[in-house]
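Architecture at a glance
Chain by chain, the residues:
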Number of protein chains: 2
Amino acid sequence: MTQTIAATSSNIEPSKLAMVPFVSVDNMMKIVNTIGPAKILAELADYIEADFLRWESFDKTPRVASHSKEGVIELMPTSDGETYGFKYVNGHPANMARGFQTVTALGMLARVDNGYPVLLSEMTILTALRTAATSAIAAKYLAPKCAKTMAIIGNGAQCEFQALAFKEVIGIDTVQLYDVDPEATVKAAANLSGSGLRVTACKSSQEAVSGADIVTTCTADKQYATILTDNMVGAGMHINAIGGDCPGKTELHKDILLRSDIFVEYPPQTRIEGEIQQLNDDYPITELWEVMIGKAKGRASDRQITLFDSVGFATEDFSALRYIRDQLESTDHYIDLDMLADPDDPRDLFGMIKRAAPSG
Amino acid sequence: MTQTIAATSSNIEPSKLAMVPFVSVDNMMKIVNTIGPAKILAELADYIEADFLRWESFDKTPRVASHSKEGVIELMPTSDGETYGFKYVNGHPANMARGFQTVTALGMLARVDNGYPVLLSEMTILTALRTAATSAIAAKYLAPKCAKTMAIIGNGAQCEFQALAFKEVIGIDTVQLYDVDPEATVKAAANLSGSGLRVTACKSSQEAVSGADIVTTCTADKQYATILTDNMVGAGMHINAIGGDCPGKTELHKDILLRSDIFVEYPPQTRIEGEIQQLNDDYPITELWEVMIGKAKGRASDRQITLFDSVGFATEDFSALRYIRDQLESTDHYIDLDMLADPDDPRDLFGMIKRAAPSG
């Protein structure tokens, strides 16, 4: 349902130019449930892939981080010259224990030609979706052909999205789950019932990775943790490492990195935040977009270990916001917020306020 | 009126943690008119001064700009260790001619300890207010004592705010207005009727600056323009230069800079964007906060020319957002937006979406 909030309570009805469509958490859930979680992940993967394929048209910068002892708050801007987007996102590992989300986010798109915002959206849910869709699209280029089984180490907020995205995008049919907290695994398995995936709850990381073609690590609250050790990684495996995404936060033993071919989103950011912060600054890595456009090699042999060292990049949020903007008309799950002052005469901002006064 | 948008249209009522207070343009105008434009400028000036006085407690960075041929889009973050804030703002000089605002903005405050947003607000109006309040508080330290007359060159969207702020904060009683477009001056003079200020519409910059203790330049759409020439600047004058705020955009002739003592907000940003982009990178300037805390000299003599080369800095937006947050309870002019996904179990984001589906 589309509501115009301000028009009902204002002395002067705001112009259409003043309005910015806003997708709340409630409406984001409605969009996901209207389209369906599996379908939305597949469609998001298409948008993300399309933007990676035109990587060079984006204005790119490492995210702007403000660190504190409790966590980090970041702004992630990018632009394709026509549309500008940014995401506000926090990462607070201790939040979960206090009843808060580890990651919350919101984002915006704006027109480059006049700077006017065209979409404001919650992005806690949308980030979860785009992270999984990005993992899956990377795996399309890097995972062994005909991969059917994926281990997921860490069964928190990201787990089910990963499982569904890999099912939709590359045809995974089995997930093997492990978490240090068995309740997280029970939660994830329950949520995935009816998804068409065969789900196995495992008692150890070793059990989870056994027989897996792909291993996804998505743990949240460890500092320099070792979720995977070298002996657990077999020839031909694809590792999708998404939990290490902050200076001082990694998931993989360094020996695994040295045996793998490493693929990243945006090197200036991944060198600081990714698993490769354990390696020298000039350690050879390959950019994912170069694989996608055929400029660099992805998987070249059956025995090669591929590692997607993913930290999340602004273009992925841009793709996700672009996707949501394109669903507004068909789903109608948004409200208009009067967010932009738009006086009849742009120079008369003061007069607009004065005329809005009850006495005037 | 406080409205909770989502609660009426959701299957599951969002928790209080999911809600972020939002101040729309309509509600910002109500806040301004409830408190009164003059009073709000004075109170904002106090907040801005208080934050300049604790300058060293802020995490500071030059704004992150995305330039295009039509204009610039910027993110301006800062944090005092307890609260984080940022502003989204555009600057598009050609917008006015196309019926858009040159500058539109919105901003947010969040808790540093958990990253949760606590305020989202329109900032087109709020930026106009904070810019004027900042100018006035700088003049309190830099302008000649007992200054009564101010020239305002450029009578666009910022003009009336400047006039009122200087009246409230330092006791200006006369403003002499000039704009290349006489209609802008007519607009500003009409808006200032009843303000208690004596307002004179002038036919030239020369006429406007004649007898003025303070000259404010706030033109918007010129590239390397010369709004003031050297001969127009008399001994003892304070120049409040706020229109030059972008690489390639200045208002003052270089000779004026060489005769003045120059005061700035945050040198790493002003060197790039301010009037001093015309000078060498090591040209001596003084930081405003150092004057405020008594670490550096402000105005030292009656014949000294002082120049506040203002480009606007993130802490000023932070102060303004902090002020608005403090008015929410007493004015009640905001709505709650369900902006944060807040599942009962933070790990169960997917389950929250699934349970919100109409079927289940």
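Residues numbered from 1 in each chain as written. Chains lettered and ligands numbered in written order. Predicted model: local features only at pLDDT ≥ 70, side-chain atom pairs only at ≥ 80, totals over all residues.

**Structural notes on the relation of the copies chain B and chain A**
Both copies of the chain are tied together by a single rotation about an axis and a shift running along it. The criterion, for reference: The copies were overlaid by least squares, fitting only the C-alpha atoms of residues that reach a pLDDT of 70 or more in each copy. We call two residues in contact whenever the C-beta atoms placed from their backbones are within 7 Å.
Mapping chain B onto chain A leaves a residual RMSD of 0.0 Å; the transformation is a rotation of 180° accompanied by 0.0 Å of translation along its axis. Both copies of the chain, as the preceding transformation shows, are related through a two-fold rotation axis. Most of the interface of chain B is mirrored in chain A: 100% of its interface residues are interface residues there too.

**Notes on the sheet that holds strand 9 (residues 198–201) of chain A**
Residue and element names in this part refer to chain A. Rules: Note on pairing: two strands pair once DSSP finds at least 2 bridges between them. Starting at the N terminus, helices and strands are each numbered in turn, a helix being any DSSP run of H or I of at least four residues and a strand any DSSP run of E of at least two. Fitted lines through C-alpha atoms give the axes, limited to the stretch in contact for helices. The angle between two N-to-C directions lies from 0 to 180 degrees.
Strands sit in the order 9-8-7-10-11-14-12-13 across an open sheet of 8 strands; the sheet is parallel. Edge positions in the sheet fall to strand 9 and strand 13 (286–287), since each of these pairs with one other strand and no more. As paired strands, strand 8 (residues 174–178) and strand 9 are joined by 4 bridges and run parallel to one another. Across the sheet, residue Val-175 finds its bridge partner in strand 9, namely Val-199. Set on the sheet, helix 4 (residues 159–170) makes contact with strand 7 (149–153), strand 8 and strand 10 (214–217); between it and strand 7 the angle comes to about 165°.

**Points about the interface of chain B and chain A**
If you look at the interface, chain B gives 77 residues, while chain A gives 77 residues. The element that contributes the greatest number of residues to the side of chain B that touches chain A is helix 11 (residues 349–356) of chain B, accounting for 6 residues.

**Some details on the sheet that holds strand 1 (residues 19–23) of chain A**
All names here are of chain A. Taken together, the 7 strands give an open sheet; going across it, the order is 2-3-4-5-6-1-15, and neighbouring strands pair in mixed fashion. At either end of the open sheet lies a strand with only one pairing partner, and these are strand 2 (64–67) and strand 15 (335–338). Sheet twist, expressed as the mean angle between neighbouring strand axes with direction ignored, is 20°. In terms of strand pairing, strand 5 (residues 105–111) meets strand 6 (residues 117–122) through 5 bridges, oriented antiparallel. Bridge pairing links Leu-106 to Glu-122 in strand 6.

**So, unusual backbone geometry**
Residues and elements named next belong to chain B. Threshold: Three exposure classes are used. Buried residues have 20 or more other C-beta atoms within 10 Å of their own C-beta, exposed residues have 12 or fewer, and partly exposed residues fall in between, all C-beta atoms being placed from the backbone.
A positive phi angle, near 65°, is found at Cys-146, a position not held by glycine. Tracing the backbone shows Cys-146 in the loop between helix 3 (124–142) and strand 7 (149–153). We classify Cys-146 as exposed; it has 8 C-beta atoms within 10 Å. At Asp-332, a position not held by glycine, the phi torsion is positive, near 60°. Mapped onto the elements of the fold, Asp-332 is located in the loop between helix 10 (314–331) and strand 15 (335–338). Judged by local crowding, Asp-332 falls into the partly exposed class, with 13 C-beta atoms found within 10 Å.

**Notes on the environment of Arg-54 of chain B**
All names here are of chain B. For Arg-54, the location among the structural elements is in the loop between helix 2 (37–53) and strand 2 (64–67). Residue classification places Arg-54 among the exposed positions, given that 12 C-beta atoms sit within 10 Å. For the pair Arg-54 and Ile-293, spaced 239 residues apart in sequence, the C-alpha separation works out to 8.7 Å.

**Overview of the domain arrangement of chain A**
Residues and elements named next belong to chain A. Going by this rule: Boundary definitions for the domains trace back to an automatic or database domain assignment. As a working rule, the residues Ala, Val, Leu, Ile, Met, Phe, Trp, Tyr, Cys and Pro are called nonpolar, Asp, Glu, Lys and Arg charged, and the rest polar, with Gly in that last group.
Domain boundaries in chain A define domain 1 (6–125 + 315–345) and domain 2 (135–312). Each partner contributes to the interface: domain 1 provides 19 residues, whereas domain 2 provides 20 residues. Counting residues per element, the side of domain 1 that touches domain 2 draws most heavily on helix 2 (residues 37–52), at 8 residues. Of the residues contributing to the side of domain 1 that touches domain 2, the split by class is 13 nonpolar, 2 polar and 4 charged.

**Considering the packing of helix 2 of chain A against helix 10 (residues 314–331) of chain A**
Residue and element names in this part refer to chain A. Rules: Just so you know how the angles are binned, under 35 degrees is roughly parallel, over 145 roughly antiparallel, 65 to 115 roughly perpendicular, and the rest oblique. Crossings are assigned a handedness: left-handed for a near helix turned anticlockwise from the far helix by less than a right angle, right-handed for a clockwise turn.
Between helix 2 and helix 10, whose axes approach to 9 Å, the crossing angle comes to 130°. Between helix 2 and helix 10, the interaxial angle falls into the category oblique. Here helix 2 and helix 10 pass one another in a crossing that is right-handed. Side by side, helix 2 and helix 10 meet where Glu-43, Leu-44, Tyr-47, Ile-48 and Asp-51 of the first sit next to Thr-315, Glu-316, Phe-318, Ser-319, Ala-320, Arg-322 and Tyr-323 of the second. A class-by-class count of the residues in the contact of helix 2 with helix 10 yields 6 nonpolar, 2 polar and 4 charged.

**As for the pairing of strand 3 (residues 72–79) of chain A**
All names here are of chain A. Of all 8 residues in strand 3, 8 are buried, a share of seventy percent or more. Burial of the side chains of strand 3 extends over both faces: Val-72, Glu-74, Met-76 and Thr-78 are buried on one face and Ile-73, Leu-75, Pro-77 and Ser-79 on the other. Sheet topology places strand 2 next to strand 3; 4 bridges connect them, and they run antiparallel. The residue bridging Val-64 from the neighbouring strand is Leu-75, located in strand 3. Hairpin remark: strand 2 followed by strand 3, antiparallel, with 4 residues in the connecting loop.

**Section: helix 4 (residues 159–170) of chain B**
Residues and elements named next belong to chain B. So the rule is basically this: A helix is expected to span 1.5 Å multiplied by its residue count minus one.
With 12 residues, helix 4 extends 16 Å between its outermost C-alpha atoms, agreeing within 8% with the 16 Å of an ideal straight helix rising 1.5 Å per residue. For helix 4, a buried count of 12 out of 12 residues is recorded, marking the element as mostly surrounded by other parts of the structure. Those residues of helix 4 that sit buried are Cys-159, Glu-160, Phe-161, Gln-162, Ala-163, Leu-164, Ala-165, Phe-166, Lys-167, Glu-168, Val-169 and Ile-170. Looking one or two residues past helix 4, Gly-171 carries a phi angle of roughly 85°, positive in sign.

**What about helix 10 of chain A?**
Think of an α-helix as 3.6 residues a turn; residues three or four steps apart then line up on the same face. All names here are of chain A. The terminal C-alpha atoms of helix 10, which comprises 18 residues, lie 25 Å apart, in line with the 26 Å expected from a rise of 1.5 Å per residue. Listed as buried for helix 10 are Ala-314, Thr-315, Glu-316, Asp-317, Phe-318, Ser-319, Ala-320, Leu-321, Arg-322, Tyr-323 and Ile-324. Directly beyond the C-terminal end of helix 10, a positive phi value near 65° is found at Asp-332.

**Quick look at the pairing of strand 11 (residues 238–241) of chain A**
Looking down a regular strand, the side chains alternate between one sheet face and the other. Residues and elements named next belong to chain A. Judged by which residues are buried, strand 11 turns out to be covered on both faces: His-238 and Asn-240 on one side and Ile-239 and Ala-241 on the other are all buried. Sheet topology note: the strand 10/strand 11 ladder contains 4 bridges and is parallel. Bridge assignment links Val-215 to a residue of strand 11, and that residue is Ile-239. Relative to strand 14 (residues 306–309), strand 11 runs parallel, the two being bridged by 4 bridges. Bridged to Asn-240 within strand 14 is Phe-308.

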